[in-house]
Amino acid sequence: MKILRYLIIGIIFGITLAKAEIISWYRIYEMFKFQSFHMYGVIGSAIVLGIIFIQIIKRKKMKSIDGKPIEIYPKQHSVSRYLIGGIIFGLGWAMTGACPGPMFILLGNGVGVILVVIAAALLGTYTYGLLRNKLPH
Amino acid sequence: MNEFINFISQPWPWYVAGPVIALVMFSLLLLGNSFGISANLRTMCSIFGAGKTCEFFDFNWRSQIWNLIFAGGLIIGGLIAHVYLTPSQEVHISQATINDLHALGVEDPGSSLVPESIFNWESLFSVRGFIMLVVGGFLIGFGTRYAGGCTSGHAISGLSDLQLPSLIAVVGFFIGGLLMTHLVLPHLLTL
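The model shown is predicted, which means the values in this text are computed figures rather than measured ones. (Residues numbered from 1 in each chain as written. Chains lettered and ligands numbered in written order. Predicted model: local features only at pLDDT ≥ 70, side-chain atom pairs only at ≥ 80, totals over all residues. Heavy atoms only, no water.)

**Comments concerning the UniProt feature "transmembrane region" (unreviewed entry) in chain A**
Residue and element names in this part refer to chain A. Applied cut-off: UniProt positions are given in the numbering used here, feature names are shortened, and annotations may be inferred rather than shown by experiment. The helix and strand labels rest on DSSP assignments: H or I over at least four residues marks a helix, E over at least two residues marks a strand, and numbering proceeds from the N terminus.
Look at the UniProt record and you will see "transmembrane region" (unreviewed entry) annotated at residues 36-57, 78-98 and 104-131. Strand forms 0% of residues 36-57 and helix 91%; the C-alpha atoms that close the span are 33 Å apart. End C-alpha to end C-alpha, residues 78-98 measures 26 Å, and it is 81% helix and 0% strand.

What follows is the structure, encoded as structure tokens:
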């Protein structure tokens, strides 16, 4: 039944992103045009609250429900990997108006053709796996 | 109950959505995992057998089942919102955005979740539709894995932990997004 928790959290996340219009292509376009505060408010408030949550976890040395300490691993340092990878992702994000989460939520919203976007994203991920050793990291 | 349904059927403001996203991240940490949706794309490649041809996908994907279940929840959440909680398909974008998209030939901007003229099966056979959906999807999959995360893993989880790599990635997301929106989309949308 443990697995059910993830399903419920996913459902809450899916409803929220749908109801706040975050899964809309138009909202992403509007964000990159700086024509509304909406998306900045969503991401900004999530980060501010996220910083508080993570500080609480670290300072109280909180444990996860199975009793293990919560470890948040620092990401490896690099510039090229994050910058180049980030730019490539950003190009795709603005084109399809969907990042990986919203892709799945759009599918639930009946946008069937998003399956093609998901399939293309899988192909992109696979291609990265093939080229990984040749790319600067 | 009906009043409640009507109440939550309105579009949700940012100050509701942002905190819920932070709580989702917090809950996943309390459950002993971390918030990062694009990892599912790698897991799905592994399930489809990519580990046989590429060592990057040769890992124990069963440890990621919880994340696939989470993604399954996203689909169900989208369905629930769509069927029960969204009386109107309208997206409440600004007038300036509507005007800009009008000028680029997009019909009725904001009248549905996505531009209907692009997000349909026939559109895949047009240059514009193929580029936006297939090339766009490919760039997302390639870019997230190269950068080691997407909006959830870097912008939310990473920035909440004040990690510099995530800040660099998010700067990259915006460079790419701004280039696309301001320099490429005006040509692509009018194709």
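**Re the nonpolar core**
Test applied: Think of a nonpolar core as a cluster: buried Ala, Val, Leu, Ile, Met, Phe, Trp, Tyr and Cys residues, connected wherever their side-chain atoms sit within 4.5 Å. Each residue's exposure class comes from its accessible area (1.4 Å probe, protein chains only) as a fraction of the maximum for that residue type: buried when under 20%, exposed when over 50%, partly exposed otherwise. Here the bounds of each domain stem from an automatic or database domain assignment. In this description, contact between two residues means that some pair of their heavy atoms is separated by no more than 4.5 Å.
If you look at the biggest cluster of nonpolar residues, it comprises 102 residues, and the most contacted ones within it are Trp-25 of chain A together with Phe-35 of chain B. With nine residues, the top contributor of residues to this core is helix H2 (residues 14-30) of chain B. In terms of domain composition, this core takes at least three residues from each of domain 1 (1-87) and domain 2 (118-191) of chain B. The residues contacting Phe-35 of chain B, other than those within four sequence positions of it, are Phe-13 of chain A together with Ile-21, Val-24, Met-25, Leu-28, Phe-70, Ser-152, Gly-153, Ile-156 and Ser-157 of chain B.

**Brief notes about the packing of aromatic side chains**
Any pair of aromatic rings gets described here by the distance separating the centres and the angle formed by the planes. Worth spelling out the cut-off: Only the six-membered ring of Trp is used, alongside the rings of Phe and Tyr, when aromatic pairs are assigned; centres must lie within 6.5 Å, and planes under 30 degrees apart are stacked while those over 60 apart are edge-to-face, with the rest tilted.
Tallied over the full model, the rule gives 23 aromatic pairs over all chains. Each ring, one from Phe-13 of chain A and one from Phe-70 of chain B, has its centre 5.8 Å from the other, and the planes form 40°; the classification is tilted. Here Phe-13 of chain A is found in helix H1 (residues 2-19), whereas its partner Phe-70 of chain B is found in helix H4 (residues 65-84) on a different chain. Each member of the pair, Phe-13 of chain A as well as Phe-70 of chain B, is classed as buried. Considering the side-chain rings of Phe-32 of chain A and Phe-174 of chain B, the 5.2 Å spacing of their centres and the 65° angle between planes classify their relative orientation as edge-to-face.

**Let's talk about the interface of chain B and chain A**
Rule in force here: Buried area adds together the accessible area that both of two parts lose upon being put together, with accessible area traced by a 1.4 Å probe. Definition used for salt bridges: Asp or Glu carboxyl oxygen within 4 Å of a side-chain nitrogen of Lys or Arg.
Each partner contributes to the interface: chain B provides 129 residues, whereas chain A provides 110 residues. Of the roughly 10,400 Å² buried at the junction of chain B and chain A (both faces included), carbon and sulfur atoms supply 78%. For chain B, the biggest contributors to the area lost against chain A are Trp-14, Leu-113 and Tyr-146 of chain B; these three give 8% of the whole. Summed over the shared surface of chain B and chain A, the number is three salt bridges. Across the pair Asp-100 of chain B and Lys-33 of chain A runs a salt bridge, and its minimum N-O distance is 3.2 Å.

**Structural notes on the environment of Phe-119 of chain B**
Mapping Phe-119 of chain B onto the fold places it in the loop between helix H5 (95-103) and helix H6 (127-147). The residues contacting Phe-119 of chain B, other than those within four sequence positions of it, are Trp-25, Thr-96, Val-111, Val-113 and Ile-114 of chain A together with Val-114 and Leu-133 of chain B.

**Details of a nonpolar patch on the surface**
The following threshold applies: Only residues above 30% relative accessible area that lack a salt bridge enter a patch, with like-charged residues linked at up to 9 Å and the nonpolar side chains Val, Leu, Ile, Met, Phe, Trp and Tyr linked at up to 5 Å. For every accessible area listed, the method is Shrake-Rupley and the probe measures 1.4 Å; residues are considered covered only by the protein chains on display.
Together, Leu-164, Leu-167, Val-171, Ile-175, Leu-179, Leu-183 and Val-184 of chain B make up a nonpolar patch on the protein surface, roughly 560 Å² of accessible area in all. Position of Val-171 of chain B relative to the elements: it lies in helix H8 (residues 164-189).

**Things to note about the state of the cysteines**
Rules: Sulfur atoms of two cysteines make up a disulfide when they are within 2.5 Å.
Following the criterion strictly, the structure yields zero disulfides over all chains and no others. In this structure Cys-99 of chain A is not part of a disulfide, and its nearest cysteine sulfur, from Cys-150 of chain B, lies 6.0 Å away. Using a relative accessible area of 1% as the deciding quantity, one classes Cys-150 of chain B as buried.

**Things to note about the confidence of the model for chain B**
Segments scoring low in pLDDT should not have their predicted coordinates read at a detailed level. Basically, it comes down to this: pLDDT expresses how confident the predictor is about each individual residue, on a scale running from 0 to 100.
For chain B, mean pLDDT is 96; residues scoring 70 or higher make up 100% of the total. Reported for the predicted complex are a pTM of 0.96 and an ipTM of 0.96.

**Description of unusual backbone geometry**
Despite not being glycine, Lys-61 of chain A shows a phi value in the positive range, around 45°. Mapped onto the fold, Lys-61 of chain A is located in the loop between helix H3 (38-59) and helix H4 (80-96). Phi is positive for Leu-162 of chain B, close to 55°, though the residue is something other than glycine. Among the secondary structure elements, Leu-162 of chain B is positioned in the loop between helix H7 (151-160) and H8. Looking at Leu-162 of chain B, the relative accessible area reads 57%, which means it is exposed.

**Observations concerning H8 of chain B**
We apply this condition: Expected span of a helix, by definition, is 1.5 Å for each gap between consecutive residues, and there is one gap fewer than residues. Note that the bend at a residue is defined as the angle between axes fitted to the seven residues ending at it and the seven residues starting at it.
Taking 1.5 Å of rise per residue, 26 residues should cover 38 Å, and H8 of chain B covers 35 Å from first to last C-alpha, within 8% of that figure. For H8 of chain B, the principal kink sits at Leu-183 of chain B and spans about 40°; a proline, Pro-186 of chain B, occurs within the next four residues.

**Some thoughts on the domain arrangement of chain B**
Residues and elements named next belong to chain B. Worth spelling out the cut-off: Think of a polar contact as two N or O atoms within 3.5 Å of one another; within protein, one of them needs to be a possible hydrogen donor and the other a possible acceptor, and neighboring residues in sequence only count if both atoms come from side chains. The residue classification treats Ala, Val, Leu, Ile, Met, Phe, Trp, Tyr, Cys and Pro as nonpolar and Asp, Glu, Lys and Arg as charged. All others, Gly included, are polar.
Domain boundaries assigned for chain B yield domain 1 (1-87) and domain 2 (118-191). For domain 1 versus domain 2, the separation of C-alpha centres amounts to 19 Å. In this complex, domain 1 contributes ten residues to the contact, which on the side of domain 2 involves ten residues. For the domain 1 and domain 2 pair, buried surface summed over both sides reaches about 700 Å², with 69% attributable to carbon and sulfur atoms. Summed over the three residues of domain 1 that lose the most area to domain 2, namely Met-25, Phe-35 and Ser-38, the buried surface amounts to 58% of that side. Linking domain 1 with domain 2 are three residue pairs in polar contact (both at pLDDT 80 or more). Considered class by class, the residues forming the side of domain 1 that touches domain 2 number seven nonpolar, two polar and one charged.

**Digging into the UniProt feature "transmembrane region" (unreviewed entry) in chain B**
Mapped onto the present numbering, the UniProt feature "transmembrane region" (unreviewed entry) falls on residues 12-32, 65-85, 125-143 and 164-185 of chain B. Between the end C-alpha atoms of residues 125-143 of chain B the distance is 25 Å, and the span holds 89% helix and 0% strand.

**Considering the pattern of salt bridges**
This structure, assessed with the given rule, holds five salt bridges over all chains. For Lys-58 of chain A, the salt bridge goes to Asp-161 of chain B, with nearest N and O atoms at 2.6 Å. Pair noted here: Lys-58 of chain A is in helix H3 and Asp-161 of chain B is in the loop between H7 and H8, and the two residues belong to different chains.

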